[in-house]
Amino acid sequence: MYQGLKDLRERNWAPFPVDPGSIDAVVLTHAHLDHSGYLPALVRDGFAGPILATAQTAALAAIVMADSGHLQEEDAQYANSKGFSKHHPARPLYTEEDALGAAESFRHVPFDTPTAASGDVTVTLRPAGHILGSSTATLQVDGPVASTLFASGDLGRSNHPILRPPSPPPSADVMLVESTYGDRVHEPVAEAEERLAALISRTAARGGTVLIPSFAVDRTEVILLALRRLLSQGRIPALPVYADSPMALEVLKVYRRAMASGDPEIRPESISGGDPFDSGSLHELRTQEQSRELNSVDYPSIIISASGMATGGRVLHHLQRCLPDQRCAVVLAGYQAQGTRGRLLADGARSIKLLGRYVPVHAEVAVVDAFSPHADSNEMVSWLRGAPRAPGTAFVVHGEPHAGRALAERLDIELGWHAVVPVPAERVRVS
Ligand SMILES: [Zn+2]
């Protein structure tokens, strides 16, 4: 599902490039909304095959898709009641009920186990170290000309605090490689933590709130772990931490379960005694009333709320309160797509539009994307270097055009690969 720029979002409404009913199976690498978010529409529009994914991806995708359907229904209703939609009436791309339908189509595929996908196609999912359940996908196509197609999905990093590092890429004829950070290198985590600790301390000293718009899946977990560590090292003051996103709290349960059960994806050293995510002052806010009550909090605190790029969700009303207040700080803790409020803030906007009105930006705004679960350009190249052979073609996908081109150029120059940036919905022969 496309997010961000309107031109991109409009593609969600265009007819799917192939008849959904003609698709035999879908392989889902991980639960993030940009990967799983279109499935409810695909199933509603006639896709009747299995969605192949790991068990943790299935559990997380069910939460993500249901939340997405719910939000879209709510947004459409709100737009209709306020009359600010250009569409009359505004309608959701799909509903929560469509999302429940898609969740029923999942079939669990264990890691590292070749599994029949459909006809001559066998799929193998290997850990990608990106979020819980995330995988790369290798499709072995047996036919007159056997070929292997490999998709990186979103590639994680070897230093994820909870997950084991990604498995190396296999030998493949064709590769699809993501390029979210294809032209960038992350700040070292230790430096980012130092900046975050300093920001939290000075915001607390001036009596403000630290607001962290956060992706509900994985980022909330990684941030809570970091806060717990910073507190235990005495690097930040003890502040109440409010996790204000029902979806993030559902996801937190899945992570807690995986950690408690010693899931093989989890780093053994990340499992300590007690709740790994609670530094002693974690408040889990489930209801709208609890969320609204935060508006009257007038002591230093940390609020983590979705959505991560401030495109919707409860974080909007926290931004409405915090942005005009120079005591507060807003921490953008991950990738901010073009066309989102998060990107505008990251680029230094002095005013942004929220819930129908413009709000001045007086709060301190910081970008701390070292907590990103995406490999950066260097990490991607060195991981791909581990492939047993160069693919016939590497298609660089899932990035803004300049990021895709930058990564393709590095694969060409540094690895000697034939790397191409395709255009969306382009058709090519792979064997
Ligand atoms: Zn992802």
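Before reading on, note that the structure itself is shown above.
Residues numbered from 1 in each chain as written. Predicted model: local features only at pLDDT ≥ 70, side-chain atom pairs only at ≥ 80, totals over all residues. Heavy atoms only, no water.

(A) Focus on the pairing of strand β9 (residues 209-213). With respect to burial, β9 is a largely interior element, five of its five residues being buried. Neither face of β9 is exposed, since Thr209, Leu211 and Pro213 on one face and Val210 and Ile212 on the opposite face are all buried. Bridge count between β9 and strand β12 (residues 301-305): five bridges; the pairing is parallel. In the sheet register, Leu211 faces β12, and the bridge partner there is Ile303. As defined by bridge partners, β9 adjoins strand β13 (residues 329-332) across two bridges and the pair is classed as parallel. Bridged to Leu211 within β13 is Val330. (Buried < 20%, exposed > 50% of the residue type's maximum accessible area, 1.4 Å probe, protein only. Helix = DSSP H or I, 4+ residues; strand = E, 2+ residues; numbered from the N terminus. Pairing = 2+ DSSP bridges.)

(B) Region of interest: the packing of aromatic side chains. Applying the stated criterion across every chain, the model contains three aromatic pairs. Measuring from ring centre to ring centre gives 6.1 Å for Phe150 and Trp383, while their planes differ by 40°; the resulting arrangement is tilted. One end of the pair, Phe150, is in strand β7 (residues 147-151); the other, Trp383, is in helix α12 (residues 377-384), with 233 residues separating them in the sequence. With respect to class, Phe150 is no different from Trp383; both count as buried. With 5.9 Å between their ring centres and 75° between their planes, Tyr181 and Tyr335 make a pair best called edge-to-face. In this pair, Tyr181 is assigned in the loop between β8 (174-178) and α6 (189-205) and Tyr335 in the loop between β13 and α11 (341-346), connecting sequence segments 154 residues apart. Just as Tyr181 is buried, Tyr335 falls in that class too. (Phe/Tyr/Trp six-rings, centres within 6.5 Å; stacked < 30°, edge-to-face > 60°.)

(C) Geometry of the nonpolar core. If you look at the biggest cluster of nonpolar residues, it comprises 70 residues, and the most contacted ones within it are Leu39, Phe106, Ile200 and Ile302. Looking at this core, the element that brings in the most residues is helix α8 (residues 246-260), giving nine residues. Not counting residues up to four positions away in its chain, the partners in contact with Ile302 are Ile200, Val210, Ile212, Leu227, Leu239, Pro240, Val241 and Tyr242. (Core = buried A, V, L, I, M, F, W, Y, C linked by side-chain atoms within 4.5 Å. Contact = heavy atoms within 4.5 Å.)

(D) Region of interest: the sheet that holds β9. Taken together, six strands build an open sheet; the order of strands is β11-β10-β12-β9-β13-β16 and the sheet is parallel. The sheet is open, and its two edges are formed by β11 (282-284) and β16 (364-367), each paired on a single side. Along the sheet, successive strands turn relative to each other by an average axial angle of 20°, direction set aside. Judged from the four bridges that link them, strand β10 (residues 241-244) and β12 form a sheet pairing that is parallel. (Axes fitted to C-alpha atoms, helices over the stretch in contact; angles between N-to-C directions.)

(E) Broad picture of α6. Between its first and last C-alpha, α6 extends 24 Å over 17 residues, near the 24 Å set by a 1.5 Å rise per residue. Inspection of α6 places Ala192, Glu193, Leu196, Ala197, Leu199, Ile200, Thr203 and Ala204 among the buried residues, and these make up the whole buried set. An end-on view of α6 places all buried positions within 165° of arc, on one side of the element. Of the exposed residues in α6, those oriented more than 90 degrees away from the buried face are Ala190 and Ala205. Tucked inside the fold, the buried residues of α6 contact β9, α7 (219-232), β12, β13 and β16. Looking one or two places after α6, you find Gly207, whose phi comes out positive at around 80°. (Expected span 1.5 Å × (residues − 1). Arc of directions from axis to C-beta.)

(F) Representation of the packing of helix α4 (residues 55-82) against α8. It is the contact of α4 with α8, at a shortest axis distance of 10 Å, that shows an interaxial angle of 175°. With respect to each other, α4 and α8 are oriented roughly antiparallel. On α8, the residues touching Gln56, Ala59, Leu60, Ile63, Val64 and Asp67 of α4 are Met247, Glu250, Val251, Val254, Tyr255 and Ala258. Its residues assigned to classes, the contact of α4 with α8 shows nine nonpolar, one polar and two charged. (Parallel < 35°, antiparallel > 145°, perpendicular 65-115°, else oblique. Nonpolar A, V, L, I, M, F, W, Y, C, P; charged D, E, K, R; others polar.)

(G) Quick look at the coordination of the zinc ion. Only His30 (NE2), His32 (ND1), His130 (NE2) and Asp154 (OD) from the protein reach the zinc ion as donors, at distances of 2.2 Å. Considering all four donor atoms around the zinc ion, the spread of angles at the metal, 90 to 162°, places the coordination shape in the irregular class. Ordering the donors of the zinc ion by residue number gives the pattern H-x1-H-x97-H-x23-D. Here His32, found in the loop between β1 (26-27) and α2 (33-36), pairs with Asp154, found in the loop between β7 and β8; they are 122 residues apart in sequence, far enough to count as distant. (Donors = N, O, S within 2.8 Å, 3.2 Å for Na, K, Ca; no water. Tetrahedral: all angles 85-135°; square planar, octahedral: opposite > 155°, others 65-115°.)

(H) Quick peek at the side chain of Arg219. With respect to the helices, strands and loops of the structure, Arg219 is situated in helix α7. The side chain of Arg219 is buried and forms no salt bridge, while Asp218, the nearest opposite charge, is found at 5.1 Å. A polar atom in the side chain of Arg219 sits 2.9 Å from the backbone oxygen of Ala333. With sequence-adjacent residues up to four places away left out, Arg219 is seen in contact with Ser214, Ala333, Gly334, Tyr335, Phe371, Ser372 and Pro373. (Lys, Arg positive; Asp, Glu negative; His and termini not counted. Salt bridge = Lys/Arg side-chain N within 4 Å of Asp/Glu carboxyl O. Polar contact = N/O pair within 3.5 Å; in protein donor to acceptor, adjacent residues only side chain to side chain.)

(I) Region of interest: the state of the cysteines. Across all of its chains, the model carries zero disulfides by this definition. Free cysteine Cys322: the closest other cysteine sulfur is in Cys328, separated by 4.0 Å. (Disulfide = S-S within 2.5 Å.)

(J) Looking closely at the pairing of strand β17 (residues 393-397). Taken across its five residues, β17 has four buried, putting it largely inside the fold. Here β17 pairs with strand β18 (residues 419-420) via two bridges, running parallel. The partner of Ala394 across the bridge, within β18, is Ala419. Crossover β17 to β18 through helix α13 (residues 401-415) is right-handed. (Right-handed = clockwise from strand over helix to strand, strands pointing away.)

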